[in-house]
Amino acid sequence: MRIRKVVMRLLRIPLREPFVTSYGAHEYKEAVIVELQTCSGAAGFAECTALAHPLYTEETTTTAWHVIRDFLLPRVWNTVIEQAADLHQLRDKLAAVRGNRMAKAAVEMACWDAFAQEQGIPLHVLLGGTRQEVETGVSLGIQPDQRTLLEKVERSFEQGYKRVKLKIAPGCDVEPIRAIREALGPVPLMADANSAYALADVERLRELDPFGLLMVEQPLAWDDLIDHAVLQRSLSTPVCLDESIVSAAAARQALDIGACRIVNLKVGRVGGFSEAVAVHDICVRRPSPVPLWCGGMLETGIGRLHNIALASLPGFTLPGDTSPSDRYFAEDLVDPPVTFSRPGVIPVEPVCGVAERVRRDRLERWTVREEAVGPAE
Ligand code: OSB
Ligand code: MG
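Model, not experiment: these values are computed from the prediction.

Undergrad: Mind showing me how you'd approach the overall build of the chain here?
TA: Assigned secondary structure in the chain consists of 14 helices and 13 strands. The globule rule puts the C-alpha radius of gyration for 377 residues at 21 Å, and the 20 Å found for the chain is close to it. C-alpha atoms of the chain, sized along the principal axes, occupy 65 × 40 × 35 Å. Within the chain, the fraction of its 377 residues that count as buried is 59%. For the chain, the exposed surface amounts to about 14600 Å²; the carbon and sulfur share of it is 50%. Of note, the chain has its 42 positive side-chain charges centred 2 Å away from the centre of its 50 negative side-chain charges.

Okay, here's the thing in structure tokens:
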């Protein structure tokens, strides 16, 4: 496989409802979509998971656009990918660029996706996936009031979701969780703080322990491991790291120092499929395997199908944030959209590149910026 050109698009897609977290609200989904065309006429797509603002990680759709176009694509134009093993060299080609992992992931994953189409091999097979279906949880944003929250949690379990994740923030944590426990009993529940607390809040976080949460996700700083290790020693609730797991090295360090007992793996956050598989392997190969699940970034169907392919690897032992398209979108970029095969379960379909599922008309309708880039002649 050789790359002929790349079309970059910035999309702005309506969300069914605003998604509120401790760092702010998402009113719509903004994403950079990379379309890679190969010399033999195959197309690969990938969704860059950088958000519109630098409030989850430091990247934004604008920085990703700049880094992809000006620094990453120039490093891959001459790449020749003959076999699946060659895909893992892409990571090394991009490694000289520091950070900017979501931008890197978009380029790397578009190559994987195009190769899957060119070879007619399903992505989950290329990645080493073994599962035929993945169990799914739901992530609920901070709600305007407790009644709405209770209704949403109840409704999520009725729909079959295998666990519910609540976004929490200081002052909006113990009370909502208590209310859910009182109304619904010992349902599978977890909380995601998106770095809203500091080590000084340890007593507040300890108040969560009696509720038997499955885990508390990223309570402390987005770039911290050390304080999380201190916190985990004084909490009975398992800490799960999201933002801080930026690479396989970070995952190993986090586990070595006891910064978490569970890992949320997001392929964009770690820089692509190769690095994601490396994080997976680290978790699986610990003396006692570390529970792992696939996180989400409100992706359109493109990123969603990629997440599901990844979540088919055997080490993903907990339900992921891999909900069906209609959780966030009235209409998805992919057709058919991602749906449950039975309540709470997403089938791992043999997707030989997501291009076969992309609705070009919708891609164009939601595009607000577009640029075609090719190797210099
Ligand atoms: O922290 O997991 C997070 C969405 C955007 C950015 C960060 C996060 C999230 C979610 C939603 O929790 C996950 C999803 O359903 O896509
Ligand atoms: Mg999170």
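Undergrad: Teacher, can you tell me more about the side chain of Glu 35 here?
TA: Counting through the fold element by element, Glu 35 comes out in strand β2 (residues 24-38). We classify Glu 35 as buried; its relative accessible area is 2%. At a separation of 2.9 Å, a polar atom in the side chain of Glu 35 contacts the side chain of Arg 9. Here Glu 35 is in contact with Lys 5, Val 6, Val 7, Arg 9, Ala 43, Gly 44, Phe 45 and Arg 360, once residues within four sequence places are set aside.

Undergrad: Help me understand empty space enclosed by the protein in this model?
TA: Following the criterion strictly, the structure yields three cavities of 30 Å³ or more and no others. There is about 200 Å³ of room inside the largest cavity. Lining the largest cavity we find 19 residues, and of these Phe 19, Lys 266, Gly 296, Met 297 and Leu 298 sit closest to its centre. Split into classes, the residues belonging to the lining of the largest cavity amount to seven nonpolar, five polar and seven charged. The calculated volume of the second largest cavity comes to roughly 60 Å³.

Undergrad: Would you mind going over the domain arrangement of the chain with me for this structure?
TA: Interface size is often expressed as the accessible area that is lost when the parts come together. Structurally, the chain comprises domain 1 (3-121 + 359-373) and domain 2 (126-355). Counting residues at the interface gives 44 residues for domain 1, matched by 50 residues for domain 2. Carbon and sulfur atoms supply 64% of the area that domain 1 and domain 2 bury against each other, a total of about 4200 Å² over both sides. Broken down residue by residue, the surface that domain 1 buries against domain 2 is led by Arg 16, Phe 19 and Tyr 56, which jointly contribute 17%. Notably, a salt bridge pairs Glu 17 with Lys 152, separated by 3.2 Å at the nearest N-O pair. Across the domain 1-domain 2 interface, the total number found is 23 residue pairs in polar contact (both at pLDDT 80 or more). Every element with two or more residues in the side of domain 1 that touches domain 2 is listed here: β1 (3-21), β2, β3 (43-48), α2 (84-87), α4 (101-119) and α14 (360-365). At 11 residues, α4 tops the list of elements feeding residues into the side of domain 1 that touches domain 2.

Undergrad: It is not clear to me how the environment of Leu 199 should be interpreted in this structure. Could you clarify?
TA: Structurally, Leu 199 can be placed in the loop between β7 (189-192) and α8 (202-206). Measuring from C-alpha to C-alpha, the distance between Leu 199 and Val 153 comes to 29 Å, with 46 residues separating the pair along the chain. Dropping the residues within four chain positions of it, Leu 199 is found in contact with Leu 220, Asp 227, Val 230 and Leu 231.

Undergrad: Would you mind going over the sheet that holds β2 with me for this structure?
TA: Strands in a sheet are paired, the pairing made by backbone hydrogen bonds, and the direction either parallel or antiparallel. Overall, antiparallel pairing links the four strands, which are arranged β3-β2-β1-β13 in an open sheet. Looking along the sheet, the strands with just one partner apiece sit at the ends: β3 and β13 (367-373). Between one strand axis and the next, the sheet turns by 20° as a mean value, whatever way the strands run. Bridge count between β1 and β13: six bridges; the pairing is antiparallel. The residue bridging Leu 11 from the neighbouring strand is Thr 367, located in β13. Packed onto the sheet, α4 meets β1, β2 and β3 and runs at close to 155° relative to β3.

Undergrad: Would you explain the packing of aromatic side chains in this entry?
TA: The description of an aromatic ring pair uses the distance of the two centres, along with the angle that the planes make with each other. Counted by the stated rule, this structure contains four aromatic pairs. Seen from their ring centres, Phe 19 and Tyr 328 are 5.9 Å apart, and the 80° between their planes marks the pair as edge-to-face. One end of the pair, Phe 19, is in strand β1; the other, Tyr 328, is in the loop between α13 (301-311) and β12 (345-347), with 309 residues separating them in the sequence. Here Phe 19 matches Tyr 328 in class, with each residue buried.

Rules behind the numbers
- Residues numbered from 1 in each chain as written.
- Chains lettered and ligands numbered in written order.
- Predicted model: local features only at pLDDT ≥ 70, side-chain atom pairs only at ≥ 80, totals over all residues.
- Heavy atoms only, no water.
- Helix = DSSP H or I, 4+ residues; strand = E, 2+ residues; numbered from the N terminus.
- Rg over C-alpha atoms; globule rule 2.2 N^0.38 Å.
- Buried < 20%, exposed > 50% of the residue type's maximum accessible area, 1.4 Å probe, protein only.
- Areas by Shrake-Rupley, 256 points an atom, 1.4 Å probe, with all protein chains shown as cover.
- Lys, Arg positive; Asp, Glu negative; His and termini not counted.
- Charge placed at Lys NZ, Arg CZ, Asp CG, Glu CD.
- Polar contact = N/O pair within 3.5 Å; in protein donor to acceptor, adjacent residues only side chain to side chain.
- Contact = heavy atoms within 4.5 Å.
- 1 Å grid on protein atoms, 1.4 Å probe; cavity = no way out; pocket = protein on both sides within 12 Å on 5 of 7 lines; lining within 4 Å.
- Points joined across faces, edges and corners; volume = space filled by probe spheres on them.
- Nonpolar A, V, L, I, M, F, W, Y, C, P; charged D, E, K, R; others polar.
- Domains from an automatic or database assignment.
- Buried area = accessible area lost by both parts, 1.4 Å probe.
- Salt bridge = Lys/Arg side-chain N within 4 Å of Asp/Glu carboxyl O.
- Pairing = 2+ DSSP bridges.
- Axes fitted to C-alpha atoms, helices over the stretch in contact; angles between N-to-C directions.
- Phe/Tyr/Trp six-rings, centres within 6.5 Å; stacked < 30°, edge-to-face > 60°.

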